[in-house]
Amino acid sequence: MLAAWRAVCVAAGPDIDTDAYAHHMIARAILADPGDLAVHWVWLPLFHYLQVPFVAAGGTIDGVRWFNVALTAVVPIALFQYVRVTSGRRGPRHAALSPQGIALLAALLAAACPIAMQMGTTAQPEPLFALVMLGLAIAYEEGRTGAAAALLSVAVLLRYEAWASLVAIAAIQLGERLAAVPRVRSWCRLPGAPARRSPDGWLVVAAPVALILAWAALRRPVDGQWFGFVRQTHEFASQVAGSPAGALPRGVRGLAGDILYYPVFVAWRVMGPALPFAALGIARTVREQGARFVLVLAACLAFVMLSWVRRSSLGLDRHFVVVVPLYAVFAAQGIAVVADAAARVARTRLGESAAAVAGRATGGVLAVACVAGMCVVLYVWMGFWRGSVARGWPERNAVGAALRTLPAASTIFCDDATLEILSGLDRRRFDRHWLDDPATWDRVEQVARVDGGAYVATWRRKIAAHEGEGVVVLQAGARGDDPLAGVEILRVDPDGGRAAR
C-alpha cells in the first residue's frame, strides 16, 4: 500500500527535489565527456555512474524515481528479517512480545517514516544508500567479511556518511587487534580476544580506503589539491547556511541545540510518537541486534550531527533517512521493554497467566498507537508533498516546453539541471558550461557564429546583462518585486544581437 502511495506521487507530477535533477544531469554529462571529473562537483561519484547505462539506454529521471519506489520497499523487508532472527536470542527468557512481533513493528515504523516515504518518490540516492548501509550493518555484525567489505566499498562512494562508519569499523578492528595482544589483555584484564571475528576482518577497512584514495587521486588534478572536493562541500554548505566554514555556534545553548538537532529534533519530526520509545530500546537493541549493528548506523548519525554543528551541511531532513531503520528498531525494542515491565508487575501481583496477558496487551496497545500516530504524521507529510508534486514548477515547465519547439540542430546553453531534464530533449543538445562564467558567453557567441545562432536557457539573473546580445524568446516566473526573478530563454544570433537592435 505504501509503495502504491509513492507510485501515485510519482505519477502526479515531476520530481520536486532539485538535487535529483543535478544527479541525473551529471550522468548525462558523463556520457558527453567521461573524462571531465569536475562534473561531479562536491558529490561522490558512484550514484552518477550507476545511472550512466540507464541514461545511455534512453532512461529518464522518472525511471530512477520508479526504481526508488521499489527500492524503498526493500528496506523494511530486510529489517524485518534481521530483527526477527536476532530478537530473543540474547534477550529475556520470558519476553512479552515475540520476535516476529518486534520485527513487524520495527518494519512498519521504518516503512511509515515520512521522510523515507518522500525520498522514495524522488531520484535521490537516499533509498539506495539506506539499503546498502542496513546491509552493511547486518553483514558486519554477523561476521560476513566479504559482504561487509563490498557493501562498505559501495557506500563510501555514495555518500560521505559512510566514511564515519568506516572510521567506526576501523576502531572496532583496532580494538580487537589490541585485545588479542597478551600484554594489552593483562593491562585491561580482558579474559581473551574475541574469537568470532575472522583474521581477514581488515578487508572491510582496506577495500573502501583504497577506493576513497583512488577517487581522491583522480580528483586531485581537477581540484588542485588532495580532497579538494571535501573542502568545497564545507565551503558551499557554510555559505548557504550563512556561517564561516567550520565555525561553531555561539554559546552553550546554541551548541546543545545543534548537537540535538538530528538525534532529537529531526527525529521527532520524522518519527513522531515512536521517538520516546526509541530511547528506552537502545540497550536492548545493542544486546539483541548487536553492538556492531548499532555502531555502523549510529556513526552515520554522528557524522550528520557533527556536520551540522560545523555548518558543513545544510541540515536537511533527508540526511536522517539512513538511520531511520536504526530508530525503528530502537522504538520497537522500547515498546518491548515497556511490555516486559508490565508483565513483571502483573506476575508479582496476579501470577504467571496474568503476566502473559498483561505483557501482550500492553505491547499490542502501544504498538497500535505508535503505528497509528506514525500514519497520521505520514498522512500530513505526504499530503503536502503530493500537493507540491502536483503543482510542480509552472515556470520551469514552460521553459521546458519552449525548448522542445526550438530548431532541432541548435545548441542550447543551459546550466540548470531542472530545465534540461524537464525539456525532455536529447542530452547531446546541451552545453552545460556555467553561465556565471564570462568565458562561457564567449563560447556562446562563437557557437552562434558557426551554427547561425544559439540559445541560452537559465535563470534571468544570469541572462539579464546579456539580453542586448540577442532576442528574448520566453520569460517565465517574473515577479513585480524582483525584476531579475524567473527563468528565460535567449536566442543569440550570429551578429551578436545587432540585427535585433
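Now for a quick tour of the structure. (Residues numbered from 1 in each chain as written. Predicted model: local features only at pLDDT ≥ 70, side-chain atom pairs only at ≥ 80, totals over all residues. Heavy atoms only, no water.)

According to the stated counting rule, one finds 23 salt bridges in the structure shown. When the shortest N-O distance is used, the salt bridge between glutamate 467 and arginine 460 registers 3.0 Å. By relative accessible area, which is 16% here, arginine 460 ends up buried. Linking aspartate 482 and arginine 479 is a salt bridge whose minimum nitrogen-to-oxygen distance equals 3.7 Å. (Salt bridge = Lys/Arg side-chain N within 4 Å of Asp/Glu carboxyl O. Buried < 20%, exposed > 50% of the residue type's maximum accessible area, 1.4 Å probe, protein only.)

Right, let's talk about the packing of aromatic side chains for a bit. Under the criterion given, the structure shown has 11 aromatic pairs. Clustering of aromatic rings is evident, with ring pairs tying together Tyr160, Trp163, Trp215, Phe227 and Phe229. Seen from the ring of tryptophan 308, arginine 311 lies directly overhead, with NZ or CZ sitting 4.0 Å from the centre. Cation over ring: arginine 396 sits above tryptophan 393, and NZ or CZ is 4.3 Å from the ring centre. (Phe/Tyr/Trp six-rings, centres within 6.5 Å; stacked < 30°, edge-to-face > 60°. Lys NZ or Arg CZ within 6 Å of the ring centre and 35° of its normal.)

Before going further, it helps to examine the sheet that holds strand 3 (residues 454-459). Across the sheet, which stays open at both edges, the five strands sit in the order 2-1-3-5-4 with mixed pairing between neighbours. Where the open sheet ends on each side, the last strands, each with one partner, are strand 2 (430-431) and strand 4 (470-476). Direction of pairing for strand 1 (residues 412-413) relative to strand 2: parallel, over a ladder of two bridges. The residue of strand 2 that forms the bridge with isoleucine 412 is phenylalanine 430. Sheet strands touched by helix 21 (residues 438-451): strand 1, strand 2, strand 3 and strand 5 (487-492). Its angle to strand 3, the strand with the most contacts, is close to 150°. (Pairing = 2+ DSSP bridges. Helix = DSSP H or I, 4+ residues; strand = E, 2+ residues; numbered from the N terminus. Contact = heavy atoms within 4.5 Å. Axes fitted to C-alpha atoms, helices over the stretch in contact; angles between N-to-C directions.)

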